[in-house]
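# Geometric and topological summary
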Amino acid sequence: MAQPDTRSDAVPLGLDPDWWRQAVVYQVYPRSFADADGDGIGDLPGVTSRVSYLRDLGVDAVWLSPFYPSALADGGYDVDDYRNVDPRLGTLDDFDAMVAALHGAGIRVIVDIVPNHSSNRHVWFQEALASPKGSHARSRYVFRDGLGENGELPPSDWQSVFGGSAWEPVGDGQWYLHIFATEQPDLNWALPEVREDFLTTLRFWSDRGVDGFRVDVAHGLAKDLPPVLPSAAQLAEIAKREDGSHALWDRDELEEIYADWRRVFAEYTPPRIAVAEAWVPASRRARYATALGQAFNFDLLEADFDADQFRQIISFNLAQSASSGSSSTWVLSNHDVVRHATRYGLPPRGTGEGADTLKSGTAWLLSGGEEPPLDALGGLRKARAATLLLLGLPGSAYLYEGEELGLHEVADIPADQRQDPTFFRTNGGEIGRDGCRVPIPWTVSGPSFGFGSAGAHLPQPAWFGASSVEAEAGVPGSTLELYRSALALRRRLQGDETLDWVEVGDPDAVLAFRRPGGWLVVTNLGETNIPLPEGELLLSSEALSSAELPPATTAWIRTSD
Ligand code: NOJ
């Protein structure tokens, strides 16, 4: 069983209100990080037992995906009780101990908050089901009468994000809206009681020392549902306007909701911060950053390993963050997408109409990881180069557990062991996200590669051992050591949030920019070696054998200017 981390070399956190602007934030998917009690499910004492690992990795903050009581209809994003810990993951005391240990190691804590929907086991929803049509209990959610003579048809033809109808009947002619899984009823944010309750939740966790929040589906919440609902086709047309008038997404009223949140954040020193998960057109993203503090930009995560795509994305997002007053966020992997080492080992998606964006790797996953053939080594090499580029950018970097080991997506999870509702709601038409949520390997061997003393809640492949922490720690050139070196150096080198593009060779193949203090970042995304720019080589994503930068390699160089 994992032992608590008892080292006590405390690092003061300080009161800097801007600590997040260029932070490296490491996402922990708690059920798949470390299992302290040997039940196959990762838990909070497991996180506590790995604090020294996180400190040695050099991250500034940890973002925990939901650890709240949940039936796991959607990996914990179906929350039964917003102010408690799932008993399988620990207790509130365990939470406090984890925060104290992370803070003691100089690591801030961000927790996930899921305001668009609760779970169907939430006390409010249970009350709604037990209450009649028109009751106050039902008004906390989005209930509508069904169409047809006896309400036997859904109120509209809207589809849920996970497939199937977005409406579920409750047996008395009424239906409730669930934009995600059936077990995730949408809350009614027009009701002051719902708004107040979330302010209580924000204070509850802030009082326990949480430094910030990651806001799930931040572009949901506010809805405009007239008596006659628009059809899915009409909504698709309205979405093109990008003007905040869509019935379900990205409405302007969100600003007032988040203004209330900001007032709560300001009650604390340093003020709490939030990062919005908002899948909105790029033109609307800055609104969320202004309203909440930061907003994820998933553009790099959706792009190919391509100099032009990367350059445009970086320039655009730096301009966006300047206009919002926030800093940029950079992400290559998270718990919702195919790991970036794998994406880059598959054929590029291209841009424009028909480009397969978030569903990258869909065909590959559907084939059980057979087709198209994965270039595992090439993908990892590009992933390392892209990560070193990302870590050289101004703004904050969000890393996902296991990427520091160079983990690939797990494609061959048997159907009867899958957990993602996407898989079930599409009858296997989509594989879903389990492959990036497989518990991470800590040791070369053992029942669950050191994840815990027993098995793992999703099956780990035999090749995990070779990518474990034990296999990589202290090994020059390993992906873990590359991340450790990069984070330590970045801490020293990071200056103002500015970047100047530099021309080094063919711009279609090479990306180069200079940061303040003579920090030059060069990535070769082309097919041939390029001469290494002059200066002191600080770090490279691959060992260099000459004064040249090979394809799919990034170098950090200190120049004299
Ligand atoms: C976004 C989360 O990242 C994802 O995992 C979840 O399924 C949906 N929101 C619904 O909560």
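Residues numbered from 1 in each chain as written. Predicted model: local features only at pLDDT ≥ 70, side-chain atom pairs only at ≥ 80, totals over all residues. Heavy atoms only, no water.

For the protein, an unreviewed UniProt entry supplies the name Glycoside hydrolase family 13 protein and the organism Schumannella soli.

### Examining the sheet that holds strand β16 (residues 536–540)
Across the sheet, five strands lie side by side as β12-β13-β14-β18-β16; this open sheet has antiparallel pairing. Of all strands in the sheet, those with a lone pairing partner are β12 (500–501) and β16, marking the two edges. Where β16 meets strand β18 (residues 553–558), four bridges bridge the pair, whose relative direction is antiparallel. Looking at the pairing, Glu536 lines up with Arg558 of β18. Of the strands in this sheet, β12 and β13 (510–515) touch helix α11 (residues 307–324), which is tilted by about 30 degrees from β13. In the packing of helix α14 (residues 376–391) onto the sheet, the strands contacted are β13, β14 (519–524), β16 and β18, and the crossing angle to β18 comes to about 35 degrees. (Pairing = 2+ DSSP bridges. Helix = DSSP H or I, 4+ residues; strand = E, 2+ residues; numbered from the N terminus. Contact = heavy atoms within 4.5 Å. Axes fitted to C-alpha atoms, helices over the stretch in contact; angles between N-to-C directions.)

### Considerations on the packing of helix α6 (residues 192–207) against helix α8 (residues 254–265)
At a closest axis distance of 10 Å, the pairing of α6 and α8 adopts a crossing angle of 30 degrees. The pairing of α6 with α8 is recorded here as roughly parallel in orientation. Pair α6 / α8 crosses with right-handed handedness. Along the contact surface, α6 presents Arg195, Phe198, Leu199, Leu202 and Arg203, while α8 presents Glu256, Ile257, Asp260, Trp261, Val264 and Phe265. (Parallel < 35°, antiparallel > 145°, perpendicular 65-115°, else oblique. Left-handed = near helix turned anticlockwise from the far one by under 90°.)

### What to know about the site of the ligand
Asp74, Asp216, His335, Asp336 and Arg433 are the nearest of the 14 residues found near the ligand. Here an oxygen atom of the ligand and a side-chain polar atom of His117 are 3.0 Å apart. Contact with the protein chains removes 96% of the 300 Å² of surface that the ligand exposes when unbound. (Near = heavy atom within 4 Å. Polar contact = N/O pair within 3.5 Å; in protein donor to acceptor, adjacent residues only side chain to side chain. Areas by Shrake-Rupley, 256 points an atom, 1.4 Å probe, with all protein chains shown as cover.)

### Describing the nonpolar core
Residues Tyr258, Trp261 and Trp556 are the most contacted members of the largest nonpolar core, which totals 135 residues. Per-domain counts for this core show at least three residues from each of domain 1 (24–116 + 192–379 + 393–409) and domain 2 (123–177). In this structure Tyr258 touches Val215, Ala218, Leu221, Tyr288, Ala291 and Leu292, once residues within four positions along its chain are discounted. Membership of the second largest hydrophobic core comes to 16 residues, among which are Val217, Leu235, Ala247 and Leu248. (Core = buried A, V, L, I, M, F, W, Y, C linked by side-chain atoms within 4.5 Å. Buried < 20%, exposed > 50% of the residue type's maximum accessible area, 1.4 Å probe, protein only. Domains from an automatic or database assignment.)

### A look at the domain arrangement of the protein
Taken domain by domain, the protein holds domain 1 (24–116 + 192–379 + 393–409) and domain 2 (123–177). Computed from C-alpha coordinates alone, the two centres of domain 1 and domain 2 are separated by 28 Å. Each partner contributes to the interface: domain 1 provides 17 residues, whereas domain 2 provides 14 residues. Across the interface of domain 1 and domain 2, roughly 1100 Å² is buried in total on both sides, 66% from carbon and sulfur atoms. Broken down residue by residue, the surface that domain 1 buries against domain 2 is led by Glu193, Leu225 and Leu229, which jointly contribute 42%. Summed over the shared surface of domain 1 and domain 2, the number is one salt bridge. (Buried area = accessible area lost by both parts, 1.4 Å probe. Salt bridge = Lys/Arg side-chain N within 4 Å of Asp/Glu carboxyl O.)

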